[in-house]
Structure formats: C-alpha cells, structure tokens
Amino acid sequence: MIELISQHPFIAALLALLMLGLVFGATLGFGAVKFAVDGDPIVDQINAILPQTQCGQCGYPGCKPYAEAIANGDAINKCPPGGEAGIHELANLLDVEPIALDDEHGVEDIKKVAYIREDECIGCTKCIQACPIDAILGAAKLMHTVIVSECTGCDLCVEPCPVDCIDMIPVATGTRAWKWEIPDRDPSHNANIIVTDNTNNQNGHAA
Amino acid sequence: MNKIWDFHGGIHPLENKTQSLTKAIVTAPIAPQLTLPLSQHIGAPAKPIVQVGDQVLKGQCIAEAVGPVSVPLHAPTSGTVIAIEQRTIPHASGLEDNCIVIEANGNDEWRTRNPITDYTQLDKNTLIKIISHAGISGMGGAGFPTSIKLNTRDDIAIDTLILNATECEPYITSDHSLMREYADEIANGVAILAKIIKPTKILFGIEDNKLDVVDGISAALAQHDFAALTGLATEAEVITFPTKYPSGGEKQLIQILTGKEVPSGGLPAQLGIVCQNIGTAVAIHNAVCLDEPLISRITTVTGDAVNQPCNYHVLLGTPVEFLLAQSDYQKNQSARLIMGGPMMGFALANTAVPIVKTTNCILAPTEEELPTPPPAQACIRCGMCAEACPASLLPQQLYWFAQGKELDKLEEHNIADCIECGACSYVCPSNIPLVQYYRASKVDIRQRKVDHQNAELAKERFDARQERLQRLEDEKIAARKARQAAAKLAAEQRGKEDVKNAAVEAAVERVKAKKAKGVQESPAAKESENQANIIATESDDPIARAVAKRAAQLAEDAANPENKLIRAIDSAKQRVSKSQTRVVDAEANNDENLAIFKQAAEKAEAKLASAQQALIDFRAQSSAQE
Ligand code: SF4
Ligand code: SF4
Ligand code: SF4
Ligand code: SF4
C-alpha cells in the first residue's frame, strides 16, 4: 500500500478524495433522512409569533393559514390581536421594515374574554360549535359556560348565539395586571409620575 | 481596611437628609383604624384566617402565606377585625386590593410571646422557619420574602454576607436613624444571619454621609463572636465609601464592596453573596429574640410641606394621613405626596392608604422643592444618560426602542438589568421621563412571554379540535360507505326472502294505493300536508322541519287509522335492515358485540312480524265490520 502511494501519488490522492467523498456523502444522506424537517420551518416560526386567537380578522381562517400567506409574501400588518408588538416581531423575523397595523382588519384592543350570562343560555350549543379552541363547556339544553383561562377573546361565539347572552368583557385589571404606560408628551398627564430629573436646575450634579 | 471599588455612572442629587435627622425616632400613636393589604410583598397574597368581628391580639397571625413565595401577616395591635375588603393600597396604580381592616381597642395587648433565649442552639432551618412565620420580607426595596433569600441552595457556598446600610436616595433617613438608635439590635440580627448562612466575611456597607454611626455599629458588632457562630474564621467589617446615588442598588453595592459584577440576569448568590437590608436585620432580631413578628417599621416623614420632619416608629397599616398629621402637615403647601424617595418612589393619589412593610419614607414636598416636570423635549443624543447609568446601559437607545415598542431590541440591550434608579432621567437635559418608558416596556416584555405561552396553549387546543373534527368527518364518511355496502348485501339477501313477506308487501302496496285514493278524498289531510311542505321548504331548521313532519303525520293518521300500522311496519323494516347490516358488519370485523347484535336483529324481526300481524288483524276487523 505504502509502496503504491509513493509510486503513484496521483492515484493515491484520487483514491483518498473518492473515499472522503463517499464518507461525507453517506453522512449527509443519512442526516437528511434522520433529521428531516417536517413542514415548513418559516411558516412554523411565523405561526409561533401570531397570537393564535384564531379570530379570522386577518381574512384567513385562522393563524396558520395567515402564517402561510405571510411566508408567501402577504403583508405582516393584518393581525389586530397581535398588534404593534406582533408586527415588530414578524418584521424582525423576516428582516423587513415594520409597518403600521392595517386598520381595515380591525384595531388593537384590550384583552377581553367571553362571558355567558348563564341564566339566559338556552343550551343550543351554537357557541360551542363556533369556538375554535373548545373553550366553551356545555351540552344540549344545558347551561353553557366559558373556560376563562382558555378563552382567547376571539369574539367568534358572540354572533351565533340566538339569544345574545354572550358578552365580551375586558380582563380584570387588578394591581397585579396593572402596568405603567408609556408616557405621552403632555406633562399634565404625567402628574403622577415622579422622578427628580428636572431638578438639575438645583445644585445637584451628575457624577 | 477592605479595598473599595467604584461602579459606572451614578449621580449626586441634593441629599436633603438633615431635615428629618434633627430629632430622635418618635413612636407614633396607634391610629384608630389599621388597614393591612394582603399583598405587601412580592409573591402570592396572604390568605386571611380571621373573620369580620373577630377579636385579635397584637402580633396574632391574621393571614397566612399561600404557596412558597408568600409571607404571612400579623395584627399590629389588639382590636377587632371590622372589614376584609377592597381598599386603596399604596401602589403606583392607585388601585384597590384586598385588605384586612382592624379597629384598635387601645390596649395594645400582646399575644403570648415565647422568645428564644439562645438562638445559637438553633439550626438553620428552624431559624428560617421563625423568620418566615414572622412575615418578614425585604424592607428596603421591593419586598422579596426574606426567608427565601436566606434559604440558599446547598450546592452554592455563600462566603459573603453584605449588610446594606447605604440608604442612597435623597430625603430618606429611616436606616440612618435605625443605626443611631438600634445598633445592638442590628448587630444581633447580623449575628443571626451569620448563624444561618455561615459566611466567611461580613461586610457592612455605609455611605460616608453617615459617618456618625460607624463607631456605634462597629462597637455593637464587636460584641459578637462571629467566628464561633459560623465555625469559620468569620470577621465583620464596617466599610464606608463615598456617597453616590445609587450605591444602594444591590448589584452596585456588591461591586463597591467586592469588585465583583453580578452577571446580567444573574443573582448575587451565584457569586456566593447574600445582601440584606439592616431594617430586615432588626426585624429578624425581633422575630427570633423577642418573638415579635413584623408589625411595625421606621418610616421617614419629610419634605417642606411638613413642619416637623422626623422618623417614626410606626405600626403597619397606619394611614399616611394620620402619620402626616403627627408631623404638622400643611396640605395647602404640598404639591404632591410621594411614598418612597424622590428618585424611585411613586406619587400617592389618596392619603388614606396605609404604611406597609416597604414604606421607608413619606415625602411631602412643596412645588418649589420638587417642581412639576417641564414638558419633555426631543432626545438630543447627548449621551449624558449613558454616562449616568449605573447598570452601564444605553438609556437613549432603550428610549428609542421603547417608543417603537421594539421589545426584542430592548431585550437585546439588556433592559432587564435596568434597576429603575432614575439616574438617566435625572441628568437628561431634555427632561424625558426615561424610567417610565422602561417600566412600561419591562411589563410589556413580561406580558409578551405570558401571551406566547397562552398562544401556545391556544394553538394546541385549536389543533386538537381540528383533528377531532377531521376524525369525526372521516368516521362519518366511512360509516356511510359501510352502510351502503351492507344495504346492497341485504338487498341481495332479501331477494330470497320467504313468500309470506312478499304477500304482506303486496298487501301493503294495495293499502297504499287505497290510501292515496283516501287522501285525495280527505281535504284536511291534504292541506296539512301542503302546509308541512311549505314549512319544510321555508325553514332549514331541523327542529322546525321535524315538528312540521310530525304534524302532517298526525293529520294523516286521523284521516286513515291504518296509516299508523303501515308506518310501524315501515319503521320496523328499517330497523330490521339496520340491525342486519350491523350483524353483517360485526361479522366482517369480528366484533365482540356480535352476539348482542344478533339478538337485536332477532328482536327487530319479531317486532316486524308482530307489526305485520297487527295490520292483518286490523284489516280482518275492519272487513268484518263492513
Ligand atoms: S387576525 Fe391574528 S389572531 Fe386572528 S386569525 Fe388572523 S393571525 Fe390569528
Ligand atoms: S369562548 Fe368565544 S371568545 Fe373565547 S375563544 Fe371561544 S369563541 Fe373565542
Ligand atoms: S433607570 Fe435604568 S437605564 Fe436609567 S440610569 Fe437607572 S439603570 Fe440606567
Ligand atoms: S440624556 Fe436625554 S437627551 Fe441626552 S441622550 Fe439621554 S435621553 Fe437623549
């Protein structure tokens, strides 16, 4: 063998390359089968950003179809529940400029959940059929109720109810849910905001 | 002397501390009503264990901790529980939350106390249990339950205990006066802490604007043999360093005293460091050595709108307005009321809110003292904020991203490390309330995480539902196909059916023909049938259709009593064929219910036979009558 290599370095090199090619080819082939990616990863990534409210406001029958549409070049500003933050995330993912929410599809609203006025419910099951995520519990001719923790506030159950007993109510804001707002430019609105900034006309100075 | 380090940035605002230090600590009288919010700490709110009308004694537990991150609550004085309801709490939102309201009876009568004479005999877990039962949460900052902070993991050795006596924020002097008058209690608390976490070094950090207390603290600490307590060569040292805001920030203080930087998103425990506030140390001393839970604290009342600024030893739950009245508060001069200091505090909308575990200061400034912020201008990119930021962040960038709600960018720029100290806002020449942007954005980021989790859940449920609907649809189609096949099979079989059946069928046909004639003769039945048809075409509602069909049948029955029997035969036949299909299916699939199905088929056949018999009988009867 050593003799062969020393006598015919060219053939030896050729052989070595061939061997390498075979090894790598086999590894790649094996990897392609073993670690095959199911589905379209970019669609899944987009779908992971969409809020999964499944409300259809974007004009597609759910978030996944809209994710597919975005992957095929649709605008990223059609999802009101995702709002501005969602658009920014999508823009980041797809490396495009963020654009303002298209208000043709609705406006960003505070989070709400459905509430069934239970003594008015006739048990027609229509809302159950409408709820995309099975967040309503009930049976024919029996009172129905919404599982609040699961409800995404998509609004789809309100319309089908024949006796109009479903309300969309804002999620309670206790002290725990309360949050600071981004200040606006009108100082009178900021009366409750205190920071001693603005005292730098006094004798304090920066380090 | 331990070497000291410096941290990046920081500012030197006017200290304004002397006003409240002219007097010794005053014990505030007991307010007639004490309001105790159930959530004065970080974590789950405590759960009330008393009822309205209950008599409580001073120090009695009135609400217990729920879950691991929570602390209990105790009655600050003896009296009657008069309400457990929503009251405005001291919170930036000005919202209400659940509170227990106690009407004091003036006796201030203690529950029985069982002080521990020699805590050195107790082990770590017992001491931590005492601390957690005493309702102690951090008294300097956000109110994190102390017992959790002390319950360090065994795999990370803690070598340094830092006592935070910095009190870097202007105006506040509660810790300063505590050190002046309670040095022994502080030292005792430190000793208990040392016993619990067994550090090799105890560093007591004091800013150099409080040099008057250094000797007292050193002397008090010298009375304890820390080495004996920990079993290590532990030494305690008081370290003073130049005054600079915000040196009291936990990460900043650690850097000053040890030169180590807590990594972004990390905890001091990773570096083997535990930080405690001296107010907490006194509370620990009270809990262990006196069996007194956390029911009072030292609070500074100051600002130009009070005539007698001083520090109060005040019961938790005391209304702010009650305390202000003790200091001769001039309401007409006060511009706003602030709980906490001028840098990190928040404005109070309501003076009835109570003093809580974290209330270190009530500041009542006049308009000249703390003027209303002028309108914010555009950022001029001067970079002063970045120079002042103790966390080495880029506040102007964060401001930019916060305005655009670019949460990803904010996270990339480490907004999580912002301690909300307000140094950036303080130096900003454009008067931009920068911290407000960061506070809002931080909540947005947290909310987004929760939203993503919820979205993930919703997606799972949505997918599960889609799958289920698909499965049901598939099943329906499969069942229909099977039925069709079985019907074909049954039809073939029926070809060989017995003659009797054929005869009956012929009879039925005949009757039907006769009935058709009869129907023509009976206008009432016809009309109702028409009506039913109209209803059926007009309404797609299955219920309306069913009702209409039934009405038509009834009308028909009235016209011709034989109909009913014929229908019975029809439906019995259907049943027979159905049950036969089922038997065939079951035979094909080797179903375990085969026997039952066979039985059912036999029964159906018997029913059919009896229906046919009934018709024959009826006929015979009617012909006999004729
Ligand atoms: S609007 Fe948004 S939440 Fe609603 S279905 Fe479309 S992507 Fe989903
Ligand atoms: S309960 Fe109503 S609002 Fe809530 S997810 Fe279901 S359909 Fe939407
Ligand atoms: S508030 Fe935050 S960004 Fe501003 S100086 Fe303090 S740590 Fe830095
Ligand atoms: S200090 Fe104010 S004006 Fe200067 S860069 Fe920072 S935010 Fe902009």
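Residues numbered from 1 in each chain as written. Chains lettered and ligands numbered in written order. Predicted model: local features only at pLDDT ≥ 70, side-chain atom pairs only at ≥ 80, totals over all residues. Heavy atoms only, no water.

Participant: Just to check I follow, could you spell out the overall build of chain B for this structure?
Facilitator: A count of helices and strands for chain B gives 19 helices and 18 strands. Burial statistics for chain B: of 626 residues in total, 47% are counted as buried. Contacts in chain B between residues far apart in sequence, at least 24 positions, make up 73% of those at least 6 positions apart. By element, 52% of the accessible surface of chain B is carried by carbon and sulfur atoms, the whole surface being about 29,800 Å². (Helix = DSSP H or I, 4+ residues; strand = E, 2+ residues; numbered from the N terminus. Buried < 20%, exposed > 50% of the residue type's maximum accessible area, 1.4 Å probe, protein only. Contact = heavy atoms within 4.5 Å. Areas by Shrake-Rupley, 256 points an atom, 1.4 Å probe, with all protein chains shown as cover.)

Participant: Please clarify how the sheet that holds strand β9 (residues 96-104) of chain B should be interpreted in this entry.
Facilitator: As a general point, the strands of a sheet are linked pairwise by backbone hydrogen bonds and lie either parallel or antiparallel. Residues and elements named next belong to chain B. In spatial order, the strands read β3-β9-β8-β5; together these 4 strands make up an open sheet with antiparallel pairing. Every other strand in the sheet has two partners, leaving β3 (33-37) and β5 (55-56) as the edge strands with one partner each. Examined bridge by bridge, β5 and strand β8 (residues 79-88) share 2 bridges and lie antiparallel to one another. Paired with Q55 across the bridge in β8 is T80. (Pairing = 2+ DSSP bridges.)

Participant: Can you help me understand the domain arrangement of chain A in this one?
Facilitator: When the parts of a complex come together, some accessible area is lost, and that lost area is often used as the size of the interface. All names here are of chain A. You can read the domains of chain A as domain 1 (41-105) and domain 2 (110-174). One C-alpha centre belongs to domain 1, the other to domain 2, and the line joining them spans 25 Å. Between domain 1 and domain 2, the contact holds 4 residues from the first and 6 residues from the second. Each partner contributes to the roughly 330 Å² buried at the junction of domain 1 and domain 2, and carbon and sulfur atoms together form 64% of this total. When the buried area of domain 1 at its contact with domain 2 is split by residue, T53, Q54 and C55 rank highest and sum to 88% of it. For the pair domain 1 and domain 2, the number of links is 0 salt bridges. One can count 1 residue pair in polar contact (both at pLDDT 80 or more) joining domain 1 with domain 2. (Domains from an automatic or database assignment. Buried area = accessible area lost by both parts, 1.4 Å probe. Salt bridge = Lys/Arg side-chain N within 4 Å of Asp/Glu carboxyl O. Polar contact = N/O pair within 3.5 Å; in protein donor to acceptor, adjacent residues only side chain to side chain.)

Participant: Got a minute to help me understand a negative patch on the surface in this structure?
Facilitator: Taken together, the side chains of E456, E460, D463 and E467 of chain B present a region of like negative charge at the surface. Residue position: E456 of chain B is located in helix α14 (residues 434-495). (Patch = residues over 30% accessible without salt bridge, like charges linked within 9 Å, V, L, I, M, F, W, Y side chains within 5 Å. Lys, Arg positive; Asp, Glu negative; His and termini not counted. Charge placed at Lys NZ, Arg CZ, Asp CG, Glu CD.)

Participant: Please explain the site of ligand 4 as it appears in this structure.
Facilitator: In the neighbourhood of ligand 4, the contacting residues comprise C379, I380, R381, C382, G383, C385, Q396, C428, P429, S430 and L434 of chain B. Residues of the shell around ligand 4, tallied by class, amount to 7 nonpolar, 3 polar and 1 charged. (Near = heavy atom within 4 Å. Nonpolar A, V, L, I, M, F, W, Y, C, P; charged D, E, K, R; others polar.)

Participant: How do you make sense of the packing of helix α1 (residues 124-133) of chain B against helix α4 (residues 183-197) of chain B when you look at a structure like this?
Facilitator: The angle between the axes and the distance between the axes are what describe a pair of packed helices. Residue and element names in this part refer to chain B. It is the contact of α1 with α4, at a shortest axis distance of 8 Å, that shows an interaxial angle of 130 degrees. The orientation of α1 with respect to α4, classified from their angle, is oblique. The chirality of how α1 crosses α4 is left-handed. Together, K124, L127, I128 and I131 of α1 and I192, K195 and I196 of α4 make up the contact between the two elements. (Axes fitted to C-alpha atoms, helices over the stretch in contact; angles between N-to-C directions. Parallel < 35°, antiparallel > 145°, perpendicular 65-115°, else oblique. Left-handed = near helix turned anticlockwise from the far one by under 90°.)

Participant: Which parts of the structure should I look at to understand the site of ligand 3?
Facilitator: With respect to spatial proximity, the complete set of residues near ligand 3 consists of C389, P390, P395, C418, I419, E420, C421, G422, A423, C424 and Y438 of chain B. By residue class, the composition of the shell around ligand 3 is 9 nonpolar, 1 polar and 1 charged.

Participant: What should I look at first to understand the packing of α4 of chain B against helix α5 (residues 214-222) of chain B in this one?
Facilitator: All names here are of chain B. Their axes nearest at 8 Å, the elements α4 and α5 cross at an angle of 45 degrees. Comparing the axis directions of α4 and α5 gives the class oblique. Crossing hand, α4 versus α5: right-handed. Where α4 approaches α5, its residues A183, D184, I186, A187 and V190 are matched on the opposing element by G216, I217, A220 and L221. Its residues assigned to classes, the contact of α4 with α5 comprises 7 nonpolar, 1 polar and 1 charged.

Participant: Please clarify how the interface of chain A and chain B should be interpreted in this entry.
Facilitator: Taken together, the contacts link 51 residues of chain A with 68 residues of chain B. The interface formed by chain A and chain B contains 4 salt bridges. Taking the shortest distance from any N to any O, the salt bridge between D134 of chain A and R468 of chain B comes out at 2.7 Å. Our count for the chain A to chain B interface comes out at 10 residue pairs in polar contact (both at pLDDT 80 or more).

Participant: Whenever I open this one, the environment of I380 of chain B confuses me. Can you help?
Facilitator: Residue and element names in this part refer to chain B. You can see I380 is positioned in the loop between β18 (361-363) and α10 (384-388). Residue I380 is classed as exposed on the basis of its relative accessible area of 57%. Between the C-alpha atoms of I380 and Q396, which are 16 residues apart in sequence, the distance is 9.2 Å. Beyond its immediate chain neighbours, meaning those up to four positions away, I380 contacts P429 and S430.

Participant: Just to check I follow, could you spell out a nonpolar patch on the surface for this structure?
Facilitator: Together, L4, F10, I11, L14, L15 and L18 of chain A make up an exposed nonpolar region whose accessible area comes to about 600 Å². Broken down by element, the nonpolar patch gets its largest block of residues, 5 residues, from helix α2 (residues 9-34) of chain A.

Participant: How do you make sense of the state of the cysteines when you look at a structure like this?
Facilitator: A covalent bond between the sulfur atoms of two cysteines is what we call a disulfide. All names here are of chain B. The final tally for this structure, using the stated rule, is 0 disulfides over all chains. Just so you know, C361 is unpaired, no disulfide at all, and the nearest cysteine sulfur is the one on C310, 11 Å from it. A relative accessible area of 0% means that C361 is categorised as buried. (Disulfide = S-S within 2.5 Å.)

Participant: Looking at this structure, how should I read a positive patch on the surface?
Facilitator: All names here are of chain B. Together, K476, R480, K481, R483, R575, K578, R582, K603 and K607 make up a region of like positive charge exposed at the surface. Counting residues per element, the positive patch draws most heavily on α14, which supplies 4 residues. Relative to the assigned elements, R575 resides in helix α18 (residues 562-589).

Participant: Whenever I open this one, the side chain of T366 of chain B confuses me. Can you help?
Facilitator: All names here are of chain B. Checked against the element boundaries, T366 lands in the loop between β18 and α10. Take T366: its relative accessible area is 5%, and that puts it in the buried class. With residues up to four places along the chain from it excluded, the contact list for T366 reads D304, A305, Q333 and A335.

Participant: I would appreciate a short explanation of the confidence of the model for chain B in the present structure.
Facilitator: Do not read the predicted coordinates in detail wherever pLDDT is low. Residue and element names in this part refer to chain B. Averaged over chain B, the pLDDT score is 84; the fraction of residues at 70 or greater is 88%. Here residues 528-540 scores under 50 on pLDDT; set against residues more than four positions off or in separate chains, the count is 11 contacts. Our summary of model confidence lists the complex with pTM equal to 0.71 and ipTM equal to 0.71. (pLDDT = per-residue confidence, 0-100.)

Participant: Teacher, can you tell me more about the pairing of β9 of chain B here?
Facilitator: Here is the key point about a regular strand: its side chains alternate between the two faces of the sheet. All names here are of chain B. As defined by bridge partners, β3 adjoins β9 across 5 bridges and the pair is classed as antiparallel. Note on β9: the bridge partner recorded for L36 is I100. Relative to β9, β8 runs antiparallel, the two sharing 9 bridges. For T80, the partnering residue across the bridge sits in β9 and is E103.

Participant: What should I look at first to understand the pairing of strand β6 (residues 61-64) of chain B in this one?
Facilitator: Relative to β6 of chain B, strand β4 (residues 47-48) of chain B runs antiparallel, the two sharing 2 bridges. Each bridged residue has a counterpart across the sheet, and for P48 of chain B the counterpart in β6 of chain B is A63 of chain B.

Participant: I would appreciate a short explanation of helix α4 (residues 63-71) of chain A in the present structure.
Facilitator: At 3.6 residues per turn, the α-helix brings residues three or four places apart onto the same side. Residue and element names in this part refer to chain A. All of the buried residues along α4 are C63, Y66, A67, A69 and I70. Down the axis of α4, the buried side of the element spans an arc of 160 degrees, and every buried residue falls inside it. For α4, the secondary structure elements touched by its buried residues are α3 (41-49) and α5 (83-94). The positive-phi residue at the C-terminal boundary of α4 is G73, with phi of around 105 degrees. (Arc of directions from axis to C-beta.)

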